[in-house]
Amino acid sequence: MTAALTQFDDLWKALIPAEQARVVQLLVARVTVGEDGLDIDLRHDGLGALASLMTPAQENAA
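Residues numbered from 1 in each chain as written. Predicted model: local features only at pLDDT ≥ 70, side-chain atom pairs only at ≥ 80, totals over all residues. Heavy atoms only, no water.

Q: Before we move on, could you go through a nonpolar patch on the surface and cite the residues and values that matter?
A: A surface patch of nonpolar side chains, amounting to about 520 Å² of accessible area, comprises Val 31, Val 33, Leu 38, Ile 40 and Leu 42. Ranked by residue count, the leading element in the nonpolar patch is strand 2 (residues 37–42), at three residues. (Patch = residues over 30% accessible without salt bridge, like charges linked within 9 Å, V, L, I, M, F, W, Y side chains within 5 Å. Areas by Shrake-Rupley, 256 points an atom, 1.4 Å probe, with all protein chains shown as cover. Salt bridge = Lys/Arg side-chain N within 4 Å of Asp/Glu carboxyl O. Helix = DSSP H or I, 4+ residues; strand = E, 2+ residues; numbered from the N terminus.)

Structure, rendered in structure tokens:
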């Protein structure tokens, strides 16, 4: 997971806007805007879901 996240910047630049939106939806549960600033609630399982998307699929051995 750490290796995948170190390459995140390059991956982000390669994504089309719809894919970037999907990544944000995986990571962010809610954004609350108030007079004092922003509160961003992250999804607990978001990083794991993102890491699984970034990890190449492995073929099952027969």
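Q: Go over the pattern of salt bridges with me, naming the residues and quoting the values.
A: Counting across every chain of the model gives two salt bridges. Among the salt bridges present, the one from Lys 13 reaches Asp 9, with a minimum N-O distance of 3.5 Å. In this pair, Lys 13 and Asp 9 are both assigned in helix 2 (residues 8–14), four residues apart and thus about one turn of the helix distant. For Lys 13, a relative accessible area of 61% corresponds to the exposed category. Between Asp 41 and Arg 30 there is a salt bridge, with the nearest N and O atoms lying 3.0 Å from each other. Here Arg 30 lies in strand 1 (residues 28–34) and Asp 41 lies in strand 2, a separation of 11 residues in the sequence. (Buried < 20%, exposed > 50% of the residue type's maximum accessible area, 1.4 Å probe, protein only.)

Q: Would you mind going over helix 4 (residues 46–54) in detail, with residue names and values included?
A: Within helix 4, burial applies to Gly 46, Leu 50 and Ala 51. Summarising the axial view, the buried residues of helix 4 lie within an arc of 130°, below the 170-degree limit, and thus occupy one face. Looking at the buried residues of helix 4, the elements they touch are helix 2 and helix 3 (17–27). (Arc of directions from axis to C-beta. Contact = heavy atoms within 4.5 Å.)

Q: So, the packing of helix 3 against helix 4: which residues are in play, and what are the values?
A: Two numbers describe how helix 3 lies on helix 4: the axes approach to 7 Å, and their chain directions differ by 145°. Seen from helix 3, the contacting residues are Arg 22, Val 23, Leu 26 and Leu 27; seen from helix 4, they are Gly 46, Leu 47, Ala 49, Leu 50 and Leu 53. Split by residue class, the contact of helix 3 with helix 4 holds seven nonpolar, one polar and one charged. (Axes fitted to C-alpha atoms, helices over the stretch in contact; angles between N-to-C directions. Nonpolar A, V, L, I, M, F, W, Y, C, P; charged D, E, K, R; others polar.)

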